[in-house]
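Tertiary structure, described
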Amino acid sequence: MRYIIEIEKLDHQGRGIGKIDGKIVFVPNTYIGEKVEIEVIKDTTKFMEGKVVKFLKKSSDRVKFSCPYYNECGGCNIAHIKYEKQLQFKEDLVKNIFKKYVNIDINPKISKSDEELHYRNKVVFHVKKDKIGFYQEETNTLVPIDKCLLLDELLNKTLWALSMNIESADLKSMTLKSNGESTLAKFVGNTKLDNDETIFWGNKSALDKKATDELKEDAIVFKLGRYNYAVNADAFFQVNTKQAVKIYDKVRKHIQECSGDKILDLYCGIGSISIYISDLCKEVVGIEINKSAIKCANYNKKLNNIKNVKFIAGDVSVAINNKMKADIIIVDPPRGGLDNKTISTIKEIKPNTIIYVSCNPLTLARDINKLCDEYELDNIELFDMFPQTYHCEVVTILERK
Ligand SMILES: C[S@@+](CC[C@H](N)C(=O)[O-])C[C@H]1O[C@@H](n2cnc3c(N)ncnc32)[C@H](O)[C@@H]1O
């Protein structure tokens, strides 16, 4: 069925929202004020999903995004909107989430990304026979691509070089990480019999070589501020290097303001934040579930000559206990946020300050709701780590009441 609708607002994922006979319809690749003819592609009792057939009125805030895969691959969602309107979308999104779920009025400001394109230092490609690409959102349908506008140039060059040789390998996926000089590629085979393999592309620096020798596995070294960080194929590292520096600087600034001798850095990855703030206190303890990341974290401590940081490998909810002492607790969990056990143990530890770094405002708001009987929101700032997508990084400071 085809309908003509007007887009009234955007949902959390940047899809346009209109109405057909009072029922909500979500339409990707549209913007507020646009009039579109749509085809309904999903119709449930509560909502519909539509696809634009024809634009009858286009917004002046619409821009042309020159990626041929934009409507297929699902990686970018708001690239058709002017960058300043993307930033406003993210500020409004977090403001509305906090009003709805925490019942507080905030006016968060977002720090824009220096690069609107080519900012990603990491990518995961799926492979099917001789085709490399991304899965269409929520499907296993491969959209083959030959370059991605979000990737740093070396990743695109590596993709091009690998695609020449892909036919003979029986691959399922490959993960590429680039520090601008060299790329670390991890290949995962289709069968369990295939051994996962990592290789280097480009100019391996002296630091990359040293890290690879000492860790006894391929690792690539990134520089953030005055610190160097070795990252192996399996460990997490922030995908937008320049924005990560801004976030870590913000965390440093807050620690300088609130001061504390003992800091717990939960979900610490390769020790990036722990090391970045180590000169501001007597002791930092980082906890991380991924043993491979902890191996890098311990190496990074040595690499940066840091003496007052200790790393624990384990699930945060099991590894922390109420006997631990901390003036400040930093949490930077995955999208799912904090579990209830972790929240209650944090309350028992009673830090003066909690610094919550979040990549998902919805779970952040949910968790703040659970903490707000004992902590109040003192500061909130957004960082655009992921231009062209609806994703948004949030740093909040919670002070003990
Ligand atoms: C968003 S990353 C943050 C890493 C680090 N703070 C940084 O800035 O690079 C989240 C980290 O939490 C780790 N993680 C996920 N679940 C965990 C758990 N239950 N316990 C401990 N660490 C966990 C992941 O492996 C990942 O390294």
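Whatever comes next refers back to the structure up there.
Residues numbered from 1 in each chain as written. Predicted model: local features only at pLDDT ≥ 70, side-chain atom pairs only at ≥ 80, totals over all residues. Heavy atoms only, no water.

Turning next to the site of the ligand. The full set close to the ligand counts 17 residues, and Gln238, Tyr248, Glu288, Val316 and Asp332 are the nearest of them. Backbone polar atom of isoleucine 289 to a nitrogen atom of the ligand: 3.1 Å apart, as the coordinates give it. Within the contact set of the ligand, a nitrogen atom lies 2.9 Å away from a side-chain nitrogen or oxygen of aspartate 332. Taken by itself the ligand offers 600 Å² of open surface, and the protein chains cover 87% of this. (Near = heavy atom within 4 Å. Polar contact = N/O pair within 3.5 Å; in protein donor to acceptor, adjacent residues only side chain to side chain. Areas by Shrake-Rupley, 256 points an atom, 1.4 Å probe, with all protein chains shown as cover.)

Below, the discussion takes up the sheet that holds strand β6 (residues 47–57). The mixed open sheet is built from six strands, whose spatial order is β1-β5-β6-β4-β3-β2. Among the strands making up the open sheet, the edge pair consists of β1 (2–6) and β2 (9–10). Relative to strand β5 (residues 35–43), β1 runs antiparallel, the two being bridged by five bridges. Paired with arginine 2 across the bridge in β5 is glutamate 39. (Pairing = 2+ DSSP bridges. Helix = DSSP H or I, 4+ residues; strand = E, 2+ residues; numbered from the N terminus.)

In terms of nonpolar packing, the biggest core is built from 77 residues, with Phe125, Met174, Ile330 and Ile355 touching the most fellow members. The element best represented in this core is helix α7 (residues 291–303), accounting for six residues. The residues that make up this core include at least three from each of domain 2 (84–115 + 240–400) and domain 3 (122–203). By size, the runner-up hydrophobic cluster in this structure holds 37 residues, among which are Ile110, Leu338, Ile343 and Tyr356. (Core = buried A, V, L, I, M, F, W, Y, C linked by side-chain atoms within 4.5 Å. Buried < 20%, exposed > 50% of the residue type's maximum accessible area, 1.4 Å probe, protein only. Domains from an automatic or database assignment.)

Throughout the structure, instances matching the rule amount to six aromatic pairs. Look at phenylalanine 65 and tyrosine 70: their rings are 5.2 Å apart centre to centre, the planes differ by 75°, and that puts the pair in the edge-to-face class. Residue classification places phenylalanine 65 among the buried positions, given a relative accessible area of 14%. A residue is classified by how much of its surface remains accessible, and tyrosine 70, at 10% relative accessible area, is buried. (Phe/Tyr/Trp six-rings, centres within 6.5 Å; stacked < 30°, edge-to-face > 60°.)

What follows covers the environment of leucine 224. Turning to its location among the elements, leucine 224 is positioned in strand β14 (residues 219–224). Leucine 224 sits in the buried class, given a relative accessible area of 0%. The spatial distance from the C-alpha of leucine 224 to the C-alpha of glutamate 393 is 18 Å, given a sequence separation of 169 residues. If near-sequence neighbours (up to four positions away) are discounted, leucine 224 is found in contact with Tyr229, Phe237, Thr241, Ala244, Val245, Tyr248 and Tyr276. (Contact = heavy atoms within 4.5 Å.)

We now examine helix α10 (residues 361–371). Among all positions in α10, only Pro361, Thr363, Leu364, Ala365, Asp367, Ile368 and Leu371 are buried. Check the buried side of α10 and you find it contacts α2 (83–101), α9 (340–349), β20 (353–358), β21 (375–383) and β22 (393–400).

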